[in-house]
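Listed below, chain by chain, are the residues.
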Amino acid sequence: MGNVIQERLSALRKLMKEKKIDAYLIPTDDFHASEYVGAHFACRKYMTGFTGSAGTAVICRDMAGLWTDGRYFIQAEQQLQGSTITLHKMGEPGVPAVHEFLYSHLEEGQCLGFDGRTVSTKEAEKLKIRLGEKGVTLACSEDLVGSIWTDRPPLSCEPVKELDVKWTGRSRREKCEDIRRAMEEKGADLFVLTSLDDIAWLLNIRGGDVPCNPVVLSYLVMTREKVMLFANEKAFPDSVKEALHADGVTIHPYDDVYEYVKKTEAGKTVLLCKEKVNSLLTACIPTEVKILDEENLTFLPKAVKNPAEVENEKIAHIKDGVAVTKFIYWLKKNVGKMTITELSAAEYLNGLRAQQEHFCGNSFEPIISYGSHAAIIHYSATPETDIHIEAEGLLLADTGGQYLEGTTDVTRTIVMGPVTEEQKLYFTAVLRGTLNLAAARFRYGCRGWNLDYLARGPLWEMGKDFNHGTGHGVGYYLNVHEGPNGFRWKMVPERNDSAVFEEGMITSDEPGYYVEGEYGIRHENLIVCKKAEKNEFGQYMCFEHLTMVPFDLDGIVPEQMTARERALLNTYHRKVYENISPYLNGEEREWLKEATREI
């Protein structure tokens, strides 16, 4: 692969020279600032060979670099071998951020190029200001990768479906009315929305244009009177088009949004989020138009699940819990007796999920990682890396499903056979963190960084840690990663997950511990925020487990846990048995009874 990447870099540099571009920026993003992107938008992957979901490439005449975060350090080091691309580990001491690198590397009179459709307005503005200090210019409409990518996949056009109100809890018309009221309060004449999950949520539609994320490639512009959806009309069945039209939503060609905003009348006010709307689209808005840069009006309402969505999610997690529990039973029963690999295990689990009513696919590429592979936080097995699962050590299974009733995301570290005392020590410490965070009781107004210590505490007391956030928000039959709620121990400006916890927010709770080249441990449940008591000190909040899958008692050292922690685990396991056992056969039920026994 290294030689192929070198050839692509050579072709790109030749084009850069023709265009008089000295450095070329290639982010992961599509035209909608999506975390995961469809095949048509995988330019960074095409140019570097790195397949992780987060990272930025910079190609210069004399060097090439890739910036990514701690989740992907090990993976990136492996995938960049032989490519001549240097890995820059974001957040590590002495590693400059992308913008600082560009500032130090480029000289006066040189030019930075990028495809403005893939760079947010906010980032483009920062680059213009920072690099402008040195007299560096920007070429913002250059899709150079598209020029050399001869077999580039076309834009996706998967069928669109409408979600019934019994799934969404609120109608499209009601949601649009709420957004218009918010527009009026802010004095906005137009609301430009480009985030795919926000559009899908607002219009109660789902698609398949991004793998595992049921979204529709589209832009949306809302005025006080109408809603214009810019998308490929071929993806919409007549029934969906008619339903949208009945609610005042008209469909226009996908690329026409750029011409539409150019015609915005002088003196009008456009509300958009510069962190999410691409820089080329914003540049098309006339200078006489006022731009109100605020978070998307849909962002918080989407994250606060309504009562119907929460109840549906509970059903989704029982279905998912049945599948994952059956999977763990099957693994433990058959490991060492039949050939099981990481890929075949993932396929078996997918089959179990597919048996569940209303299953609509995985919520992300499954992470079934055995042994040392589990130390690679976002490892995904390929035919080249696939290994056999043996009757020893630890297996990490981080997987999730999409159902009409909601989105799931669960991680279990499963004991396959004999494990070391060290592995049990950290297995237990990580589980203690998971249980303690889920059991938090706190005053309204807390954010993720107020509560994160509950999860990291057992590891920090041992002088250990993990190099990723403790939890992220989760969508409703939408993106498995969703803001603005999350857990992390420090403020990270580029992560929009620091909101106050509201009733109805669903968040993952997933501490871990990893030893490179040896093993990895992670325990993950989804938890929903609820109101607790209200007294003279104010409103108290708490969490409720949604995930219904047993933790592996074979990896636990009970003596390492406090009496409260053991009680938390026992209570959780009783609930798992009550919810899951009715859907198991006799042998599975007996196994689950033992697997959820009190300790």
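Here, every reference points to the structure presented above.
Residues numbered from 1 in each chain as written. Predicted model: local features only at pLDDT ≥ 70, side-chain atom pairs only at ≥ 80, totals over all residues. Heavy atoms only, no water.

1. Description of helix H16 (residues 421-438)
Turn by turn, an α-helix covers 3.6 residues, leaving residues three or four places apart pointing in a common direction. Compared with the 26 Å implied by 1.5 Å per residue over 18 residues, the 26 Å span of H16 between its first and last C-alpha is a close match. Counting buried positions along H16 yields 14 of 18 residues, so the element is predominantly enclosed. (Helix = DSSP H or I, 4+ residues; strand = E, 2+ residues; numbered from the N terminus. Expected span 1.5 Å × (residues − 1). Buried < 20%, exposed > 50% of the residue type's maximum accessible area, 1.4 Å probe, protein only.)

2. What to know about the packing of helix H8 (residues 172-186) against helix H9 (residues 196-203)
Contact geometry for H8 and H9: axes closest at 7 Å, N-to-C directions at 120°. Considered as vectors, H8 and H9 are oriented oblique to each other. Across the interface between the two elements, Arg172, Lys175, Cys176 and Ile179 of H8 pack against Trp201, Leu202 and Leu203 of H9. (Axes fitted to C-alpha atoms, helices over the stretch in contact; angles between N-to-C directions. Parallel < 35°, antiparallel > 145°, perpendicular 65-115°, else oblique. Contact = heavy atoms within 4.5 Å.)

3. Let's talk about the nonpolar core
Ranked by size, the top nonpolar core spans 57 residues in total, and within it Phe327, Leu331, Ile389, Leu395, Ile414, Met416 and Leu569 carry the most contacts. In terms of residue count, the dominant contributor to this core is helix H14 (residues 307-334) (eight residues). (Core = buried A, V, L, I, M, F, W, Y, C linked by side-chain atoms within 4.5 Å.)

4. Describing the sheet that holds strand S3 (residues 64-68)
Taken together, the six strands give an open sheet; going across it, the order is S4-S3-S2-S1-S5-S6, and neighbouring strands pair in mixed fashion. Strands with a single pairing partner mark the edges of an open sheet, and in this sheet they are strand S4 (86-89) and strand S6 (137-139). Averaged over all pairs of adjacent strands, the angle between their axes in this sheet comes to 25°, without regard to strand direction. In terms of strand pairing, strand S1 (residues 23-26) meets strand S2 (residues 56-60) through four bridges, oriented antiparallel. Bridging from a neighbouring strand, Ala23 pairs with Cys60 of S2. (Pairing = 2+ DSSP bridges.)

5. Some remarks on helix H4 (residues 98-105)
Taken residue by residue, H4 has Val98, His99, Phe101 and Leu102 as its buried positions. Down the axis of H4, the buried set is contained in an arc of 160°. They therefore lie on one face. Elements in contact with the buried residues of H4: S1, S2, S3, strand S5 (111-113) and helix H5 (121-132). (Arc of directions from axis to C-beta.)

6. Points about the side chain of Glu309
As for its placement among the helices and strands, Glu309 is situated in helix H14. Aside from chain neighbours lying at most four places away, what touches Glu309 is Trp167, Thr168, Trp201, Val304, Glu405 and Tyr476.

7. Notes on empty space enclosed by the protein
Tallied over the entire structure, the rule returns four cavities of 30 Å³ or more. Roughly 100 Å³ of volume is contained in the largest cavity. The wall of the largest cavity is formed by 13 residues, among which Ile26, Cys43, Asp115, Thr118 and Asp143 lie closest to the centre. Considering each element in turn, the lining of the largest cavity owes the most residues, three residues, to S1. Its residues assigned to classes, the lining of the largest cavity comprises eight nonpolar, one polar and four charged. (1 Å grid on protein atoms, 1.4 Å probe; cavity = no way out; pocket = protein on both sides within 12 Å on 5 of 7 lines; lining within 4 Å. Points joined across faces, edges and corners; volume = space filled by probe spheres on them. Nonpolar A, V, L, I, M, F, W, Y, C, P; charged D, E, K, R; others polar.)

8. Let's talk about the environment of Met16
When you line up the elements, Met16 lands in helix H1 (residues 2-19). Once the C-alpha coordinates of Met16 and Met228 are considered, the two residues, 212 residues apart in sequence, prove to be 37 Å apart. When residues no more than four places from it in sequence are discounted, the contact partners of Met16 are Ile21, Asp22, Ala23, Tyr24, Ile59, Cys60, Arg61 and Leu144.

9. Structural notes on a nonpolar patch on the surface
Side chains of Tyr453, Trp460 and Trp489 sit close together on the surface and give an oily, nonpolar patch of about 350 Å² of accessible area. As for its placement among the helices and strands, Tyr453 is situated in helix H18 (residues 453-460). (Patch = residues over 30% accessible without salt bridge, like charges linked within 9 Å, V, L, I, M, F, W, Y side chains within 5 Å. Areas by Shrake-Rupley, 256 points an atom, 1.4 Å probe, with all protein chains shown as cover. Salt bridge = Lys/Arg side-chain N within 4 Å of Asp/Glu carboxyl O.)

10. Topic: the sheet that holds strand S10 (residues 218-223)
Strands pair in a sheet through their backbones, by hydrogen bonds, and they do so in one of two ways: parallel or antiparallel. Strand order in this open sheet of six strands is S12-S11-S10-S8-S13-S14, and the pairing throughout is mixed. The open sheet is flanked by strand S12 (249-252) and strand S14 (290-293), the only strands paired with a single partner. Taken pair by pair, the neighbouring strands of this sheet meet at an average axis angle of 20°, ignoring direction.

11. Observations regarding the pattern of salt bridges
Applying the stated criterion across every chain yields a total of 43 salt bridges. With a closest N to O distance of 3.0 Å, Lys262 and Glu259 form a salt bridge. Of the two residues, Lys262 and Glu259 both sit in helix H11 (residues 257-262), three residues apart, roughly one turn of that helix. Taking the relative accessible area as the measure of exposure, Lys262 reaches 41% and is therefore partly exposed. For Glu259, a relative accessible area of 42% translates into the label partly exposed. Between Lys333 and Glu587 there is a salt bridge, with the nearest N and O atoms lying 3.4 Å from each other. With Lys333 in helix H14 and Glu587 in helix H20 (residues 586-595), the pair connects residues that are 254 residues apart, well separated along the chain. A single network of salt bridges, built from pairs that share partners, joins Asp197, Asp198, Lys302, Lys305 and Glu482.

12. Some points on the packing of aromatic side chains
Any aromatic ring pair is given by two values, namely how distant the centres are and how the planes are angled relative to each other. Taken as a whole and assessed by the stated rule, the structure comprises 21 aromatic pairs. Taking 5.8 Å as the distance between ring centres and 80° as the angle between the ring planes, the aromatic pair formed by Phe487 and Phe543 counts as edge-to-face. Of this pair, Phe487 sits in strand S23 (residues 482-487) while Phe543 sits in strand S28 (residues 538-545); the two residues are 56 residues apart in sequence, bridging distant segments of the chain. Taken as a pair, Phe487 and Phe543 share a single burial class, namely buried. Taken together through their ring pairs, the aromatic side chains of Phe442, Phe487, Phe501 and Phe543 make up a single cluster. (Phe/Tyr/Trp six-rings, centres within 6.5 Å; stacked < 30°, edge-to-face > 60°.)

13. Digging into the pairing of strand S8 (residues 190-193)
Of the two faces of S8, the one carrying Leu190 and Val192 and the one carrying Phe191 and Leu193 are both buried. Across four bridges, S8 lies against S10 in antiparallel orientation. Across the sheet, residue Phe191 finds its bridge partner in S10, namely Met222. For S8 and strand S13 (residues 269-272), the ladder comprises two bridges, and the chain directions are parallel. Paired with Leu190 across the bridge in S13 is Val270.

14. Some thoughts on the environment of Thr596
Looking at where Thr596 falls in the secondary structure, it is placed in the segment after H20. On the basis of relative accessible area, Thr596 is assigned to the buried category, the value being 8%. On a C-alpha basis, the gap between Thr596 and Pro159 in space is 42 Å, while along the polypeptide they are 437 residues apart. Setting aside its immediate chain neighbours within four residues, Thr596 contacts Pro550, His573, Val576 and Tyr577. Polar side-chain contacts of Thr596 include one of 2.8 Å to the backbone oxygen of Leu592. (Polar contact = N/O pair within 3.5 Å; in protein donor to acceptor, adjacent residues only side chain to side chain.)

All quantities given are derived from atomic positions and should not be read as evidence of function.
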